[in-house]
Amino acid sequence: MRILLVEDDTEAAAYLVKGLTESGHSVEHAADGEEGLEMAIANAYDSMIIDRMLPKRDGLSVIEELRRMGNMAPVLILSALDDVDERVTGLKAGGDDYLTKPYQLSELTARLQALTRRAHSGVQGTVLHVGDLTLDLIKHKVTRSGRNINLQPREFRLLEYLMQHTGQVVTRSMLLENVWDYHFDPQTNVIDVQISRLRSKIDKDFDSPLLHTVRGAGYKLQEVSSPAETN
Amino acid sequence: MLQQKLADTSVQRPVPTEQPSKDRQSRQYPGWLRRLDRRRLFRTSAFRLALIYATLFSALSAATLGFIYWSTRDQIESQVDARLRLETDYLINLYKSGALPELLEAIQRRNQIDTYGRFYYLANNESDDKAADKPADALPLKLKSVRTHTTRNMGDVADLPPGSPRAFNPVRVAETQLSDGLKLTIGHEISDEQALLDHTFALVVGATGMTLLFSLIGGLWIGTSVLRRIDSVSRTASEIMSGDLSQRLRVTDRDDEFDEISTKLNQMLNRIEDLMKSMQQVTNNVAHDLRSPLTRLRNRLEVTLLEERDPEIYRSVMDEAIGDADSLIHTFNAMLSIARLEAGIDSSQWTETRIGDLAGELAELYEAVAEEQGELTFYTDIQSNPVFHCNRHLIGQALTNLLDNAIKYTPHNGVVCLSVSGNSDAFSVSVSDNGQGIPEAERERVFERFVRLENERNSPGNGLGLSLVQAVVRLHSARLTMEDNDTGNPDNPGLKVTLHFTRKAAVDKRNRSRKALTA
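Within any chain, residue numbers begin from 1 and follow the written order of that chain's sequence. The lettering of chains begins at A and the numbering of ligands begins at 1, in the order of writing. Residue-level local features of this predicted model are given only where pLDDT is at least 70; pairs of side-chain atoms are given and counted only at 80 or more, and the full residue set underlies all totals for whole chains, interfaces and linings.

Caption draft 1: Geometry of the overall build of chain B. To qualify as a helix, a DSSP run of H or I must reach at least 4 residues; to qualify as a strand, a run of E must reach at least 2; elements of each kind are numbered from the N terminus. Across its full length, chain B carries 15 helices and 11 strands. To assign burial, the other C-beta atoms lying within 10 Å of each residue's own C-beta are counted, with C-beta atoms placed from the backbone; 20 or more indicates buried, 12 or fewer indicates exposed, and intermediate counts indicate partly exposed. Residue burial in chain B is summarised as follows: out of 519 residues, 20% are buried. Here the contact rule is simple: place C-beta atoms from the backbone, and any two residues whose C-beta atoms are within 7 Å are in contact. Taking as baseline every contact in chain B between residues at least 6 positions apart, the subset at least 24 positions apart corresponds to 68%.

Caption draft 2: Focus on the confidence of the model for chain A. pLDDT is defined as a per-residue confidence score from the predictor, taking values between 0 and 100. For chain A, mean pLDDT is 84; residues scoring 70 or higher make up 93% of the total. Note on residues 226-231 of chain A: pLDDT under 50 across the span, and 12 contacts to partners over four residues away in sequence or across chains.

Caption draft 3: A look at the sheet that holds strand β9 (residues 426-433) of chain B. Residues and elements named next belong to chain B. Strand pairing is defined by DSSP finding a minimum of two bridges between the two strands. Pairing within the open sheet is mixed, and its 5 strands lie in the order β6-β8-β9-β11-β10. Two strands bound the open sheet, and with one partner strand each, they are β6 (377-382) and β10 (479-483). Neighbouring strand axes in the sheet, compared pairwise and without regard to direction, differ in orientation by 10° on average. In the sheet, β9 pairs with strand β11 (residues 495-502) via 8 bridges, with the strands oriented antiparallel. From the neighbouring strand, Phe427 faces β11, where its bridge partner is Phe501. All axes here are fitted lines through C-alpha atoms, helices being fitted over the stretch that makes contact, and every angle between N-to-C directions spans 0 to 180 degrees.

Caption draft 4: Up close: unusual backbone geometry. All names here are of chain A. The peptide bond linking Lys101 to Pro102 adopts the cis configuration, its omega dihedral lying at -5°. Here Lys56, not a glycine, exhibits a phi torsion of approximately 70°, which is positive. C-beta crowding within 10 Å serves as the criterion here: with 13 such atoms nearby, Lys56 is assigned to the partly exposed category. The backbone phi angle of Ser145 is positive, close to 50°, even though this residue is not glycine. When you line up the elements, Ser145 lands in the loop between β8 (141-144) and β9 (147-149). With 11 C-beta atoms counted inside 10 Å, the residue Ser145 sits in the exposed group.

Caption draft 5: Just the nonpolar core, in detail. Here a nonpolar core is just a set of buried residues of the types Ala, Val, Leu, Ile, Met, Phe, Trp, Tyr and Cys, joined wherever their C-beta atoms sit within 7 Å. The biggest cluster of nonpolar side chains holds 100 residues, and the ones touching the most others in it are A:Met48, A:Ile50, B:Ala359, B:Tyr366, B:Ala398, B:Leu403 and B:Val472. Residues within four places of B:Leu403 in sequence aside, it is in contact with B:Leu362, B:Tyr366, B:Leu418 and B:Val431. Among the nonpolar cores identified, the runner-up in size contains 8 residues, and B:Tyr95, B:Leu100, B:Leu103 and B:Ala174 belong to it.

Caption draft 6: Structural context of the pairing of strand β2 (residues 26-30) of chain A. Residues and elements named next belong to chain A. Pairing geometry for strand β1 (residues 2-6) and β2, over 5 bridges, is parallel. Looking at the pairing, Val6 lines up with Ala30 of β2. A right-handed crossover is one whose linking path, passing over the helix from the first strand to the second, runs clockwise when the strands point away from the viewer. Regarding the hand of the β-α-β motif, the stretch spanning β1, helix α1 (residues 10-22) and β2 is right-handed.

Caption draft 7: Main features of the pairing of strand β3 (residues 47-51) of chain A. Residue and element names in this part refer to chain A. The buried fraction of β3 is high, at 5 of 5 residues. Here β1 pairs with β3 via 4 bridges, running parallel. Counterpart to Leu5 in the pairing with β3 is Ile49. The sheet contact formed by β3 and strand β4 (residues 75-79) spans 4 bridges and is parallel. Counted as the bridge partner of Ile49 is Leu76 from β4.

Caption draft 8: Here's a closer look at the sheet that holds strand β5 (residues 97-100) of chain A. Residue and element names in this part refer to chain A. Here we have 5 strands laid out as an open sheet, ordered β2-β1-β3-β4-β5, and parallel in their pairing. What marks the edges here is a single partner per strand, and that holds for β2 and β5. Taken over all neighbouring pairs, the strand axes of this sheet differ in orientation by 20° on average, direction set aside. The sheet contact formed by β4 and β5 spans 4 bridges and is parallel. From the neighbouring strand, Ile77 faces β5, where its bridge partner is Tyr98. Contacts from α1 reach β1 and β2 within the one sheet, and its direction differs from that of β2 by about 165°.

See the structure below:
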């Protein structure tokens, strides 16, 4: 994946470039808003990581300008401002996701992947499949190997989100934000408990587990029986 | 003279500088004035008010006294005029009856006898011959049409014909034209009345002057005493500004407006001092609570690097280091959130939230956690679904913190309960457990930042959870109460934390902050 990183903190940028390159992406770095905008116009990137506060040109105005010019590449906003308000402003300006500093690299890559997948997959069908697991969005029905699985409404939303991001790492905060719409952070790991309940329903009675825990990052719904690589 | 003397001394100084001229200026005034800066005194609002008051009051009293003076004078004049008229009428009647000689005789007689020296009569004939030629019978008719009754003050004897007694006295004169050239002039001496009026006038002027003078002195006095109180306030304020926050303004027994202001300022200073102390406390706590994990982190990495180790060990040490860093970040985020909430930053994210629904969702999450992690029974008692204008994320965070605590501090097989009751106007949300509770004496303290009670030192947490709850509660103008959950069980009383919300308080606060924003 070709990624544009617009970040003025060179040390943080170097670390990000290294981390993303190691996970197989090609990253280009711009140190200020003007340069970032020029590069985004000149080249086609699969996704962009743009810092909120940049010298010469503010990150939000870069995004607005790109969106105005019809550039719809997914954008992840990085910001030191941790506030629901700030988040909303960022998303309104045309960003696709918002990540507050300090962040974990695993969180960033997971979100980035979710963004590009969303951008590429386009309209999804009303029935989702992962291996022998199917989820019917219209009938609100989940089956595995033809067997009916009863899920609570929230468990259904959780599974739906995981299935929409099949093969990707999904972090706990992504789940909290997208499934529960909570922009706060419970200390006890409520998500782990929810996942383990879901797992007991979809995986317990079957040979090959689908829902995997990715150490230090989150979870992944995938058909392959071998557990996902650890970060 | 004093000035002269001082001027001399300043001339005698070998090196005249700027200083002496200032000295001279201040030494020109008597003691009580010298202590104050005169220009400041005249600028005080007290002096200005006194001056305005003095002017107004003097003008008013001058007007009142003036009115009394003028009406007295009118009264005296009209009395004198009445007597003049009476006398004139009598003499004219004599004349009208056709007896000019009788009239003259009557005047003669009257001038000879002593009429208290008050009346002077004079039938002034400019040309006696002419008058004598006139037929007597024609006179009454003519007199009627010609008769003019004028009065005028005659302040000088010179205006009177010679031969009049009592010269050099003010006289009021009535003149009546009897016929062509024949004029009846009756004078009335008014020296006593005039003396009375003069005296009254002097009184008016004197009283007005005295009022003005005393008002000015009063104004100066009030001005200086106000300045003295203000000076004391500003002296104390300077001392406080220079760093001594323990100073307080002096409050007298008079209980006047200065005392009121001083009391208010003292209360403000108390609050500021409390805030400063708590900030100091927080800074110390931050230093302590962040320094220990940072030291731990550093030591762990340092010790690991002392010798060559297996890659597995490096990996596990780094995992632990990441965990330490995460908990530090978590603490930082919590501190920032609390600081932001305490600053009362109004969020546009406030929406009408159904509290019962929110509590239901959280209950769903925590029921699972309670069962699987703490082997606890989780009850929900959501009796209503009030609608409240709030920041849903913050209320969620607050309830989450309370639920986290309840699950963390309740032993296995315990019971945790989340309940909602009340309507949209006033409702309460409470989280209760049957753990060991919090002793009454500690209940204030647990809301302070980084405070952790003895028995929880070893459990995970940063001591910020309840501080955040408190901050959220304050932001929503709600009230928090903490009580024993099971009063019948002194060993394990449990804890019940209730948040009381009212719509009115929240709306009032919103309006206030809006006003503050527009102001």
